[in-house]
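Topology and contacts: notes
Residue-level listing of the chains:
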Amino acid sequence: MNLNNKHVMLHDMSLRDGMHAKRHQISLDEMVAIATGLDNAGMPLIEVTHGDGLGGTSLNYGFPAHSDEEYLKAVVPKMKQAKISALLLPGIGTVDHLKMARDCGVSTIRVATHCTEADVSQQHISASAKMGLDTVGFLMMAHMASPEKMLEQAKLMESYGANCIYCTDSAGYMLPDQVTEKVSLLRAELSPNTEIGFHGHHNMGMAIANSLAAIEAGAHRIDGSVAGLGAGAGNTPLEVLVAVLERMGANHGIDLYKIMDVAEDIVVPMMDQPIRVDRDALTLGYAGVYSSFLLFAQRAQQKYGISARDILVELGKRGTVGGQEDMIEDLALTMAKEKGLI
Ligand SMILES: C[C@H](O)CC(=O)C(=O)O
Ligand SMILES: [Mn+2]
């Protein structure tokens, strides 16, 4: 693989996907400390919001320590060079949330839908594009759609005004060949002005390999998080990816030692649990389950005595997708009844 002189734009997820791993309880001081460290290390783009995007605060998704607005107002003014992005899932976030984020100084809006439901993104993508924001279409659970289906959905998002389309491996299920197939088709068939991005999860230990495959196939924006702070076994660990890109001669613009220090000195000490490929996280990847279901399944295990692994396998069989968090407890309850545990 030759990535020599390839230009890669890294996008940090610690303060958004990492919110899942922290049950949305990151403090304002922690947010500012991580964002400032990343800014100093040269990170060009940092995502800040509830784990489920703008407006995610709810019983279904979890109540955060602070509102999106409080987080954004704390972080944005402290940035010297980094820009801030916000995620928005139609049905959770509204156009009012989008305006609030713009008013707080957010430069990039990423509108996320399940990989076969891009048509629900029209209102938010066009509103963001009309506001002149960097507008990204984020196709989640990409392993559940064929490359052709992904392309069809990506074209919809492009037609609504997105200037970048993401292939999002929400379940950490994909293998490098599948990433290559999907990203190459998007790169070949979308407008040359439309950027391609890749968002990986490390549930099968493939996040670095998948990110490299995506870059080789034409992706320019690559998501990851410091020390992997993110849902499931975490996102692509950025300090590791930076070291690999450095060795491969790619242009990433990040100071390796500075990002290593953010990982080791700030992020790892604030983790509630080690973020690693343990048996539950591995099950997410193996069974193709949405990474943010991990802690929900583990809580259901505590409550009903059914192993998180069994719950996750069943969720995979049923083809559950993001937004169906309420089904996890329901399923655990049914399984516990069937086993005579309650
Ligand atoms: C709302 C999700 O956490 C978005 C994401 O990061 C993914 O699908 O992966
Ligand atoms: Mn994710």
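The structure under discussion appears in the preceding block.
Residues numbered from 1 in each chain as written. Chains lettered and ligands numbered in written order. Predicted model: local features only at pLDDT ≥ 70, side-chain atom pairs only at ≥ 80, totals over all residues. Heavy atoms only, no water.

With respect to the site of ligand 1
To be explicit about the condition: By convention in these notes, a residue is near a molecule or strand provided one of its non-hydrogen atoms lies within 4 Å of it. Nitrogen and oxygen atoms within 3.5 Å of one another constitute a polar contact, given that in protein one can donate a hydrogen and the other can accept it, and given that sequence-neighbouring residues count only through two side-chain atoms. Accessible areas in this description were obtained via Shrake-Rupley with a 1.4 Å probe; residue shielding takes into account the shown protein chains only. Helix numbers and strand numbers start at the N terminus; a helix is a DSSP run of H or I with at least 4 residues, a strand a run of E with at least 2. Under the convention adopted here, Pro, Cys and the residues Ala, Val, Leu, Ile, Met, Phe, Trp and Tyr are nonpolar, Asp, Glu, Lys and Arg are charged, and Gly plus all remaining residues are polar.
With respect to spatial proximity, 13 residues lie near ligand 1, and among them Arg16, Asp17, His20, Ser170 and Tyr290 are the closest. In this structure, Asp17 approaches ligand 1 through a side-chain N or O atom, which is 2.9 Å from an oxygen atom. At 2.7 Å, a side-chain N or O of Ser170 approaches an oxygen atom of ligand 1. Within the complex, 97% of the 280 Å² of free accessible area of ligand 1 lies under protein. Elements represented by at least two residues in the shell around ligand 1 include exactly α1 (17-21) and β5 (134-140). When its residues are assigned to classes, the shell around ligand 1 shows five nonpolar, six polar and two charged.

Some details on the packing of aromatic side chains
Note the cut-off: Two rings belonging to Phe, Tyr or Trp (six-membered ring only in the last case) form a pair when the distance between their centres is within 6.5 Å. Interplanar angles under 30 degrees mark stacking, angles over 60 mark edge-to-face geometry, and anything in between is tilted. Here the term buried applies to any residue with accessible area under 20% of the maximum for its type, exposed to any over 50%, and partly exposed to those in between, with areas from a 1.4 Å probe on protein chains only. As a reminder, the over-ring test applies to NZ of lysine and CZ of arginine, requiring each to be within 6 Å of the ring centre and within 35 degrees of the ring normal.
Applying the stated criterion across every chain, the model contains two aromatic pairs. For the ring pair Tyr290 and Phe293, a centre distance of 5.3 Å and an interplane angle of 70° mean the geometry is edge-to-face. For Tyr290, a relative accessible area of 7% corresponds to the buried category. Overall, the relative accessible area of 0% leaves Phe293 in the buried class. A cation sits over an aromatic face here: Arg110 above Tyr166, 4.8 Å from the ring centre. When the ring centre of Phe296 is taken as reference, the NZ or CZ atom of Arg299 above it lies at 4.9 Å.

Some words on the pairing of strand β6 (residues 164-168)
Note the following rule: Here, strands pair whenever DSSP counts at least two bridges between them. Here is how to tell: hold the view so the strands point away, follow the path from the first strand over the helix to the second, and if it runs clockwise the crossover is right-handed.
Counting buried residues along β6, five of its five residues qualify, which places the element largely inside the surrounding structure. Burial along β6 is two-sided: Cys164, Tyr166 and Thr168 and Ile165 and Cys167, pointing in opposite directions, are all buried. In terms of strand pairing, β5 meets β6 through four bridges, oriented parallel. Bridge assignment links Leu139 to a residue of β6, and that residue is Cys167. Handedness of the crossover joining β5 and β6 through helix α6 (residues 147-160): right-handed. Examined bridge by bridge, β6 and strand β7 (residues 195-199) share five bridges and lie parallel to one another. Note that in β7 the partner of Thr168 across the bridge is His199.

Let's talk about the coordination of the manganese ion (ligand 2)
For clarity, the threshold we go by: Counted as donors are the N, O and S atoms within 2.8 Å of the metal, or 3.2 Å for Na, K and Ca, while water is not among the atoms, so some sites may look incomplete.
Here the manganese ion (ligand 2) is held by the protein donor atoms Asp17 (OD), His199 (NE2) and His201 (NE2), which lie 2.0 to 2.2 Å from it. Donor residues for the manganese ion (ligand 2), ordered by position in the chain, follow D-x181-H-x1-H. With Asp17 in helix α1 and His199 in strand β7, this residue pair connects regions lying 182 residues apart in the sequence. Of the two residues examined, Asp17 and His199, each falls in the buried class.

A look at the pattern of salt bridges
Opposite charge on two side chains permits them to pair, given that their charged atoms come into close proximity. To be explicit about the condition: Here, a salt bridge means any side-chain nitrogen of Lys or Arg that lies within 4 Å of a carboxyl oxygen of Asp or Glu.
The tally for this structure, following the rule as stated, stands at 13 salt bridges. Across the salt bridge formed by Arg16 and Glu47, the nearest N and O atoms sit 2.8 Å from each other. Of this pair, Arg16 sits in the loop between β1 (9-12) and α1 while Glu47 sits in strand β2 (residues 45-47), and the two are 31 residues apart along the sequence. Residue Arg16 shares its accessibility class with Glu47, and that shared class is buried. A salt bridge links Glu69 to Lys73; the shortest N-O distance between them is 2.9 Å. Of this pair, Glu69 and Lys73 both sit in helix α3 (residues 68-75), four residues apart, which is roughly one turn of that helix. By relative accessible area, Glu69 is classed as partly exposed at 32%. Owing to a relative accessible area of 52%, Lys73 belongs among the exposed residues under this scheme.

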